[in-house]
Every structure is written in structure tokens, then in C-alpha cells.
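Overview (structure and organization)
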Amino acid sequence: MNKEEYRGVWVFIEQREGNLVDVGLELLGAGRDLADKLEVELCGVLLGSNIDQLTQPLFEYGADKVYVIDNPVLEQYRTETYMKAVGDLVRKYKPEIFLYGATANGKDLASAVATEVMTGLTADTTLLDVNVEKRLFEASRPAFGGNIMATILCKKHRPQMATVRPKVIKKPDRQEGRTGEVVQESIDLQEDDLRTKVIEIVKDTQKKVNLEEADIIVSAGKGIKDEKGFKMVEDLANVLNATVGASRDVVEAGICSHDHQVGQTGATVTPKIYFAIGISGAVQHTVGMANSELIFAINTDPNAAIFDVAHYGIVADAFEIVPLLTREFQKA
Ligand code: FAD
């Protein structure tokens, strides 16, 4: 493999039913930074059917070029078709770095493309950088139960690929009117040639806890003790129009469902305000919430690690403070 032939930073742009998924835009921000350091182009890869209108926003979020394959066989995500389309693009244009969102589709596609083009993949990363001199992409992720950050390098193969957790990178500011180049490509596949058919799409209509999109999160830790304590936290969340989060210990105690869990094995969140109530601040929890804009902690233990990441803290019994806060916010 001649590594010198590989140039440019690529981002896989995920879209669902014609709407851009935020993580692709977040990755354009991270990709812009890498591309500027390496002095190369930042390119988006956009696949789907009837997706013309989605290219302009990508330029406004930082892409210099967008490779588009618009074909009815790409209307719904299928590993078979997307892997072929992206694999062909990689072989033809040879990007140096290729980023995907660590979503269900992004993880599936990235691992399939890595096998297809015989390269490595660093999964579920949270921090990206590049060694410009060596042209080595540095993708980091928590390892050993979140106790260390491991930086993983792909020294021999190209492209250097990573999936990146949604919400760990801030979406860049939109530059209205910024333009770039659209490169239309095609895919040589007919519906009849395909082994996978989409027969029906059944939407999950159950109300889900959407922690990733929440502006305010009120999170319960084991300090709230039981369901009664959790209800107290829910009451505060209700008056603040907030989403309820939880530590793993609360989930494992069966007090609430895993949808609520924040942290390494739960959601990564960046709300405007994060209330940590009776949460000790184990690294596996803080890795999922430390980038919140404002962190407010309540804990009886003045030495609790949560105070190291909190902007404001109260050393007190949550059972006294939380109902007081609920009453005061109710008045406001
Ligand atoms: P504790 O550590 O028991 O802390 C309870 C806190 O409440 C204490 O600080 C105490 O001082 C305080 N307290 C007690 N009574 C009161 C009161 N009346 N008022 C106010 N404060 C009070 N954890 C996660 O949260 N998310 C994850 O995704 C996650 N993933 C993990 C993955 C792995 C591989 C491993 C090994 C662990 C993971 N954990 C995760 C678990 C993590 O290590 C901690 O065990 C967990 O976060 C602790 O939860 P906690 O803070 O609620 O409980």
C-alpha cells in the first residue's frame, strides 16, 4: 500500500428520511480541524434517494466537497448497498481519514467498509487529533472501565477510520451561504441483484427518554436510595421541563430503565444544565456528562468526586434540598 496516495478527511453523512442526523454535522466540525492541520480537503459522503437538498447545509457546516450517490436502492440503509457504495468511493478517491457517527447505522457501515477495503477501525471514540508530521490520526476512547484514555493508531493501512460518539463534539456554527463542490457518483446495483429487501419499516412509537437532545437533565444517583427518592427527582425535573437521568447503580437497582443511564455504558450528554443528585462522580459516570455547560451537584460527602467536575455544589442531604428547589422553581 502506498500511503502517500491517500489524501483528505472524509465524513459519512447520515440522513434519515431526508433529514440530516446531527452527528454528521458534529463530525464536519472535528473533520474541519483535522483537515486544516493536514492542509487537505474536508469531504462529506452522502447517500440516499432524492437527497439534492441536503448538500448545501454540508458546505455551510464546513465541507469543501460532497460526494453524492443518489439512487433508489439507497433509500433505506442496508449494509449490502451502503458498503458497496462507500467501498467503491474509498477505492476510487483514497481518503486519508474517514469518520462515521457511532450510531447503529454508522457502526454497522464503518465495520463493513473496514473489511471491504482492508483497513483498521477505532470504534466509539470520544477525542480526535492528528500528528501532522507523521500523518497519523490519533483517535482516543475510554478503556479499562474508563480508567484510561487509549489513543489508537492505524500505522499500516489507509484510510484511518473511526466511529465517534454522538454529542462528544460540538456542532460547528453554520456559515450561511458558504459553498463547495458536489461530485455526483453512481452505483452499479439493481434492486433485483440484492440479497436484502426492506419489506416493511415498523417504527418504535414508544415514548423514549431522549437524553442526548435534552437541554436540562436532572440525574439521580444511589444517594436517592429508592423509588420514593427517584420520584422526588422526577418532580424537580417536571417543574424544570427537564429529562431525568440516572447513574448505573440506580438502573441496576431496578429503580428506572436503562434509557435513563448516563455514562460510559449509557448516554453521552451535553445539556445546558446537569443536576447530579446523590451521584458520587465515578469516572464511568462523568465520562458521559462532564462536557455539560453547567453542572450542579448535591451530595452529603464533601469529598465526592462529582464536585471536581461540578461548577456549583451543595454539601447537603438531597431529601432536604431537592423538595426545596422544586418548590422554589415552581414559584418562578
Ligand atoms: P454511589 O457511588 O454509591 O454514590 C452515591 C452517592 O450518593 C455518594 O457520593 C453519597 O455520598 C451520596 N449520598 C448518599 N446519601 C445522600 C443523600 N441523602 N443526599 C445526597 N447525597 C447522598 N456508572 C454510571 O453512572 N454510568 C455508566 O455508564 C457506568 N458504566 C460503567 C461501566 C463499567 C465497565 C463499570 C465497571 C462501571 C460503570 N459504572 C457506570 C458504575 C460506576 O463505576 C459507579 O459504580 C456508579 O456510577 C456509581 O453510581 P452512584 O454515584 O449513583 O452511586
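Below is a summary of the structure that appears in this document. Because the structure is predicted, anything quoted here is derived from the model rather than measured.

**A word on the pattern of salt bridges**
Opposite charge on two side chains lets them pair, provided their charged atoms get close. A full pass over the atoms with the stated rule returns 25 salt bridges. Salt-bridge contacts for glutamate 252 lead to arginine 248; the nearest nitrogen and oxygen are separated by 3.6 Å. On the criterion of helical spacing, the pair formed by glutamate 252 and arginine 248 is a turn pair, its members being 4 residues apart in helix α6 (residues 248–252).

**A closer look at the site of the ligand**
Looking at the ligand, there are 26 residues lining it, with Lys222, Ser247, Thr265, Ser280 and Asn299 nearest. Between the ligand and the protein, one listed contact pairs a nitrogen atom with a side-chain N or O atom of threonine 265 at 2.7 Å. At 2.9 Å, a side-chain N or O of histidine 285 approaches an oxygen atom of the ligand. Put simply, the parts of the chain that give the shell around the ligand at least two residues each are α6, α7 (283–286) and α9 (318–331). Residue classes in the shell around the ligand are distributed as 6 nonpolar, 14 polar and 6 charged.

**Some thoughts on the sheet that holds strand β8 (residues 127–131)**
Taken in spatial order, the 3 strands make up an open sheet running β8-β9-β10, and their pairing is antiparallel. Two strands lie at the open edges of the sheet, namely β8 and β10 (148–152), each paired on one side alone. Averaged over all pairs of adjacent strands, the angle between strand axes in this sheet comes to 30 degrees, irrespective of strand direction. In terms of strand pairing, β8 meets strand β9 (residues 136–143) through 5 bridges, oriented antiparallel.

**Let's talk about the pairing of strand β4 (residues 42–48)**
Extensive coverage of β4 is indicated by the burial of 7 of its 7 residues. Neither face of β4 is exposed, since Leu42, Gly44, Leu46 and Gly48 on one face and Cys43, Val45 and Leu47 on the opposite face are all buried. Two elements, strand β1 (residues 9–13) and β4, share 5 bridges in a ladder whose sense is parallel. Along β4, the bridge assignment pairs valine 9 with leucine 42. Note: β4 against strand β5 (residues 65–70), 6 bridges, orientation parallel. Among the inter-strand pairings, valine 45 is bridged to a residue of β5, identified as tyrosine 67.

**Side note on the sheet that holds strand β17 (residues 312–315)**
The strands that make up a sheet pair up through hydrogen bonds in the backbone, lying either parallel or antiparallel. One open sheet holds the 5 strands; their spatial order is β14-β13-β15-β16-β17, and the pairing between them is parallel. Because the sheet does not close on itself, it has two edges, and the strands there are β14 (243–246) and β17. Averaged over all adjacent pairs, the angle separating strand axes in this sheet is 15 degrees, with direction ignored. In this structure, strand β13 (residues 216–220) lies alongside strand β15 (residues 273–277), joined through 5 bridges in parallel fashion. Residue isoleucine 216 lies in a different strand from β15, and its bridge partner there is isoleucine 273. Relative to the sheet, helix α5 (residues 227–240) contacts β13, β14 and β15, its axis offset from that of β13 by approximately 175 degrees. Against the sheet, α9 makes contact with β15, β16 (294–299) and β17, and its axis sits at roughly 135 degrees relative to β16, the strand it touches most.

**Here's the deal with the packing of α5 against α9**
In the contact formed by α5 and α9, the axes pass within 9 Å of each other and the chain directions differ by 25 degrees. The angle between α5 and α9 falls in the class roughly parallel. Both α5 and α9 take part in a crossing whose hand is left-handed. Across the interface between the two elements, Gly229, Met232, Asp235, Leu236, Val239 and Leu240 of α5 pack against Ala318, Phe319, Val322, Pro323, Leu325, Thr326, Phe329 and Gln330 of α9.

**As for α5**
Helical periodicity: at 3.6 residues per turn, an α-helix aligns residues three or four positions apart in one direction. For α5, which comprises 14 residues, the first-to-last C-alpha distance of 20 Å matches the rise-based estimate of 20 Å (1.5 Å per residue) to within 8%. Those residues of α5 lying buried are Gly229, Phe230, Met232, Val233, Leu236, Ala237 and Leu240. All buried residues of α5 project into a common sector of 155 degrees when viewed along the axis, lining one side. Within α5, the exposed residues directed more than 90 degrees away from the buried face are Lys228 and Asn238. Once α5 ends, the next one or two residues include asparagine 241, with phi positive near 55 degrees.

Rules of the game
Residues numbered from 1 in each chain as written. Predicted model: local features only at pLDDT ≥ 70, side-chain atom pairs only at ≥ 80, totals over all residues. Heavy atoms only, no water. Salt bridge = Lys/Arg side-chain N within 4 Å of Asp/Glu carboxyl O. Helix = DSSP H or I, 4+ residues; strand = E, 2+ residues; numbered from the N terminus. Near = heavy atom within 4 Å. Polar contact = N/O pair within 3.5 Å; in protein donor to acceptor, adjacent residues only side chain to side chain. Nonpolar A, V, L, I, M, F, W, Y, C, P; charged D, E, K, R; others polar. Pairing = 2+ DSSP bridges. Axes fitted to C-alpha atoms, helices over the stretch in contact; angles between N-to-C directions. Buried < 20%, exposed > 50% of the residue type's maximum accessible area, 1.4 Å probe, protein only. Contact = heavy atoms within 4.5 Å. Parallel < 35°, antiparallel > 145°, perpendicular 65-115°, else oblique. Left-handed = near helix turned anticlockwise from the far one by under 90°. Expected span 1.5 Å × (residues − 1). Arc of directions from axis to C-beta.

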